[in-house]
2 protein chains.
Amino acid sequence: MSETFVGIDVGGTNIKIGLFDSKLELICKTSVTTEADMGPEIVIDKMAQTVKDLLSEAGLSLKDIVSVGIGTPGPAKYSEGIIIRSTNMPKFKNVPICQMLNERLGAPIVFDNDANVACWGEYAVGAGKGVKDMVFFTLGTGIGGGVVSNGELVHGCDENAAELGHIIIYPDGRKCNCGQKGCAEAYGSADATAKRAQEAIEAGAQSSLKKVLDEKGMITSKDVYEHLAAGDKLAKEITDGTAKALAITCINMLHTTEPKRIVFSGGMIAAGDALLNRIKDFFNEHIWTLKKEGVEICFATLGEDSGIIGAAALAKHTEERGKLQ
Amino acid sequence: MSETFVGIDVGGTNIKIGLFDSKLELICKTSVTTEADMGPEIVIDKMAQTVKDLLSEAGLSLKDIVSVGIGTPGPAKYSEGIIIRSTNMPKFKNVPICQMLNERLGAPIVFDNDANVACWGEYAVGAGKGVKDMVFFTLGTGIGGGVVSNGELVHGCDENAAELGHIIIYPDGRKCNCGQKGCAEAYGSADATAKRAQEAIEAGAQSSLKKVLDEKGMITSKDVYEHLAAGDKLAKEITDGTAKALAITCINMLHTTEPKRIVFSGGMIAAGDALLNRIKDFFNEHIWTLKKEGVEICFATLGEDSGIIGAAALAKHTEERGKLQ
């Protein structure tokens, strides 16, 4: 019998599943379509069958599983193992996913939200390795977050902590999708970056991005960074707005949970140093001098596998802490 | 033998010391002058002698002490038991206060910064009782803070977490004493409240506070709240600025560690409901609707004794957790 941990990353389109050994090295992985409209019974059957197929492929059996980690978007009662509802999976309402998976796999299930799971992956084996205090941001449509404090994820009183995109950095500022005004997400997400560029052009700003907008009818953050690289002035202004928003949010986290490392992940980190260095510039410009040297700001290293690695790592951590149910 | 916990609250002017029973009920307390200019040996001798005197007064002996908690201002290496330096006690440089106290009292010493200790007091037996996630603000000259997450204080990677007054809420805004711009402290502390009123009057604003400024040469936050009660328009504007800054900071904490309760303490809470209700108003106006019902915002209940109660409670908690050295 070998000690195996399973990591499951549930998205609206695909479910990724990986098997990991006791050192969290990947044994094998796969991805299947979610087909969420088939309803929870069938989706969870498929998850369990896929785990069994992977085990079989690796010459392992259900008995080799120590525990299973699973990450899904919220809202959910993670500690109770229940998905309350899901934007991408409308048929998932009050689904006791942990119990259902446990019945099918016979192993303890550890459940957390997708951002926390990815955060834990980076913390355990990625960009956050070696520290005890880390803050994690995902830069995509919105800004997600995760906080590790003294070696544990921060969950908060209702398991909705680390909604870091909704830290208000400009009171009464840009409207955010959440209903607040001036959130970090309304400036620093990939969508907000694109939207701010588009608004500026529509308001008459000169930019090589205008041609993109005219041709495609929209701009993406990728366009902004491409035109930044080509020297476009508006693209630089927009990038600076994004970087400054993220830098201020980093400073605020430093004064709150005081991470040793701040890790950015998500599609927008493809922008590379053009973005990262500007975040650091604004951070250094706005931070209290005493704190300047204390923190490293960097990009995530696990890429697309962060969800399955994180889920497996969280399952392992929970088992080691003796909290498995 | 009865289980006794000692709480010591070290300030630049006075040292408060209390003895508490195993239920954290006060047995007896006293306050002695710090006389910091006598140097650490003499000050710590005096601390130890005062503890012995209190024990004697209560019919107890050194053997009854389970552990001693002590809170001081930073910067310090709390986990190593060393005061690095102190603004109010210039002769205290790299003082191994835990070792020195332990040699004199023979009991384990638990050491933390004064804001964390007061936070823990409110958490254990005051306004935060009954929750596992709490955020604590002290509103005085500056804004201090403490964060309890899942039943433990958040210390951060260099033991400087929860500097909540330096969360930036207005980037490029008012200069803060820390060197940053736009910190919560630069708007919401007692000093900032007074200073903003004074600046407004000097800039020509009409207010009944002008007479105070002319007569005393300065304005205090107490003056602002007195003139608010009397219906002064500027005092209302200034109070609103203070309350809004604190409300935005509360929202940011809610999206970070998600406390169940947010507790304000310090001299400025004497302003009472006139301040508290405005903080709640701005909080409700700016918060994401989904989160509105989740958190209680309230004032501290322990008053001046929070330091000694908190220190004793932290000593007890650390002992229960089995982490005493």
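Residues numbered from 1 in each chain as written. Chains lettered and ligands numbered in written order. Predicted model: local features only at pLDDT ≥ 70, side-chain atom pairs only at ≥ 80, totals over all residues. Heavy atoms only, no water.

## Looking at the overall build of chain A
Which entries qualify depends on this criterion: Secondary structure elements are defined from DSSP: runs of H or I of at least 4 residues count as helices, runs of E of at least 2 residues count as strands, and each element is numbered from the N terminus. Here the globule rule reads 2.2 Å times residues to the power 0.38, and the radius of gyration is calculated from C-alpha atoms. When a residue's accessible area, from a 1.4 Å probe over protein chains only, is under 20% of the maximum for its type it is buried; when over 50% it is exposed; and in between it is partly exposed.
A count of helical and extended segments in chain A gives ten helices and twelve strands. Whereas a compact globule of 325 residues would reach a radius of gyration of roughly 20 Å, chain A reaches 21 Å, a difference of no more than 12%. Overall size of chain A, expressed as C-alpha extent along the three principal axes, is 65 × 50 × 35 Å. Each of the 325 residues in chain A was classed as buried or not, and the buried ones make up 58%.

## Looking at the packing of helix α5 (residues 190–202) of chain B against helix α8 (residues 233–254) of chain B
All names here are of chain B. Heads up, the condition is: In this description, a line fitted to the C-alpha atoms serves as the axis of each element, helices being fitted only across the stretch in contact, and the angle between N-to-C directions of two axes falls anywhere from 0 to 180 degrees. Reported orientations rely on four angle classes, namely roughly parallel under 35 degrees, roughly antiparallel over 145, roughly perpendicular from 65 to 115, and oblique for the rest. Handedness of a crossing is defined here by the sense of rotation of the near helix relative to the far one, left-handed for an anticlockwise turn of less than a right angle and right-handed for a clockwise turn. In this description, contact between two residues means that some pair of their heavy atoms is separated by no more than 4.5 Å. Nonpolar residues are Ala, Val, Leu, Ile, Met, Phe, Trp, Tyr, Cys and Pro. Charged residues are Asp, Glu, Lys and Arg, and all others, Gly as well, are polar.
Two elements in contact, α5 and α8, have axes separated by 10 Å at closest approach and are oriented at 140 degrees. Considering the angle they form, α5 stands oblique to α8. Between α5 and α8 lies a crossing of right-handed hand. Taken together, the residues of α8 that come into contact with α5 (itself represented by T193, R196, A197, A200 and I201) are L234, E237, I238, G241 and T242. For the contact of α5 with α8, the per-class residue count stands at five nonpolar, three polar and two charged.

## Some words on the relation of the copies chain B and chain A
What connects the two chain copies is a rotation about an axis and a shift along it. Convention followed: The copies were overlaid with a least-squares fit restricted to C-alpha atoms from residues scoring a pLDDT of at least 70 in each copy.
Its rotation angle being 180 degrees, the transformation that places chain B on chain A also includes 0.0 Å of axial translation and leaves an RMSD of 0.0 Å. Taken together, the rotation and translation relating the two chain copies correspond to the operation of a two-fold axis. Across chain B, the smallest distance between a C-alpha and the rotation axis is recorded for I169 of chain B, namely 2.7 Å.

## Quick word on the sheet that holds strand β8 (residues 134–139) of chain A
Residue and element names in this part refer to chain A. For clarity, the threshold we go by: Two strands are said to pair when DSSP picks up at least two bridges between them.
A sheet is described by the order of its strands in space; here five strands give the open sequence β10-β9-β8-β11-β12, paired in mixed fashion. Two strands bound the open sheet, and with one partner strand each, they are β10 (152–153) and β12 (296–299). One ladder, built from five bridges, connects β8 with strand β11 (residues 261–265); its direction is parallel. Each bridged residue has a counterpart across the sheet, and for F136 the counterpart in β11 is V263. Here helix α3 (residues 114–125) sits on the sheet and contacts β8, β9 (143–149), β10 and β11; the angle it forms with β9, its principal contact strand, is near 50 degrees. Across the sheet, helix α8 (residues 233–254) is in contact with β8, β9, β11 and β12; its angle to β8 comes to roughly 155 degrees.

## Some remarks on helix α7 (residues 221–229) of chain A
Residue and element names in this part refer to chain A. Restricting attention to buried positions, one finds in α7 the residues S221, D223, V224, Y225, H227 and L228. Contacts made by the buried residues of α7 are with α5 (190–202), α6 (209–216), α8 and α9 (273–286). Backbone geometry just after α7 places G231 at a positive phi near 95 degrees.

## Observations concerning the interface of chain B and chain A
Rule in force here: Buried area: the accessible surface (1.4 Å probe) lost by two parts on joining, summed over both. Salt bridges, as used here, are contacts in which a Lys or Arg side-chain nitrogen is within 4 Å of a carboxyl oxygen on Asp or Glu. Contacts described as polar in this section are N or O atom pairs within 3.5 Å, which, within protein, must combine one atom able to donate a hydrogen with one able to accept it, while residues neighboring in sequence count only if both atoms come from side chains.
Opposite the 38 residues of chain B that make contact, chain A presents 38 residues. Contact with chain A buries surface across chain B, with T256, E258 and W288 of chain B losing the most and accounting together for 18% of the total. Summed over the shared surface of chain B and chain A, the result is two salt bridges. Two residues, K244 of chain B and D172 of chain A, come together in a salt bridge whose shortest N-O distance is 2.4 Å. The tally of links from chain B across to chain A stands at 24 residue pairs in polar contact (both at pLDDT 80 or more). Looking at the side of chain B that touches chain A element by element, the count peaks at five residues for α8 of chain B. When grouped by side-chain class, the residues that make up the side of chain B that touches chain A number 17 nonpolar, twelve polar and nine charged.

## Digging into the sheet that holds strand β12 (residues 296–299) of chain B
All names here are of chain B. In spatial order, the strands read β10-β9-β8-β11-β12; together these five strands make up an open sheet with mixed pairing. Among the strands making up the open sheet, the edge pair consists of β10 (152–153) and β12. In the packing of helix α9 (residues 273–286) onto the sheet, contacts are made with β8 (134–139), β11 (261–265) and β12, and the angle to β12 comes to roughly 160 degrees.

## Quick notes on the pattern of salt bridges
Residues and elements named next belong to chain A. Taken as a whole and judged by the stated rule, the model has 32 salt bridges over all chains. Between K236 and D240 there is a salt bridge; the shortest N-O distance is 3.1 Å. Taken together, the residues K236 and D240, both in helix α8 and four residues apart, mark about one turn of the helix. The class of D240 is buried, set by a relative accessible area of 14%. One network of salt bridges, in which partners are shared, links K236, D240, R278 and D281.

## Some details on helix α3 (residues 114–125) of chain B
Each turn of an α-helix holds 3.6 residues, which means side chains three or four residues apart point in the same direction. Residue and element names in this part refer to chain B. Note the following rule: Here the expected span of a helix is defined as 1.5 Å times the quantity of residues minus one.
In this model α3 runs 17 Å from its N-terminal to its C-terminal C-alpha over twelve residues, within 8% of the 16 Å that 1.5 Å per residue would give. For α3, the buried fraction is high: nine of the twelve residues fall into the buried class. Taken residue by residue, α3 has A115, N116, V117, A118, C119, W120, G121, E122 and Y123 as its buried positions. The opening residue of α3, the one whose side-chain oxygen lies 2.9 Å from the backbone nitrogen of A115, is N113.

## Quick look at the environment of A115 of chain B
Considering the arrangement of structural elements, one finds A115 of chain B in helix α3. Dropping the residues within four chain positions of it, A115 of chain B is found in contact with F136 and G145 of chain B.

## Let's talk about unusual backbone geometry
At the junction of G74 of chain A and P75 of chain A, the peptide bond is cis and its omega measures out at 0 degrees in the coordinates. Its location among the elements puts P75 of chain A in the loop between β4 (65–72) and β5 (76–77). Non-glycine residue E159 of chain A carries a positive phi angle of around 60 degrees. Its identity is not glycine, yet E35 of chain B carries a phi of approximately 45 degrees, on the positive side. Residue placement: E35 of chain B occurs in the loop between β3 (26–33) and α1 (40–57). Classification of E35 of chain B as partly exposed rests on a relative accessible area of 40%.

## Here's the deal with the environment of K52 of chain B
Mapped onto the fold, K52 of chain B is located in helix α1. Along the primary structure K52 of chain B and G128 of chain B are separated by 76 residues, whereas in three dimensions their C-alpha atoms are 31 Å apart.

## Observations concerning the state of the cysteines
Condition: The definition used for a disulfide is geometric: two cysteine sulfur atoms within 2.5 Å.
Applying the stated criterion across every chain yields a total of zero disulfides over all chains. Left without a disulfide partner, C98 of chain B is nearest to the cysteine sulfur of C119 of chain B, which lies 19 Å away.

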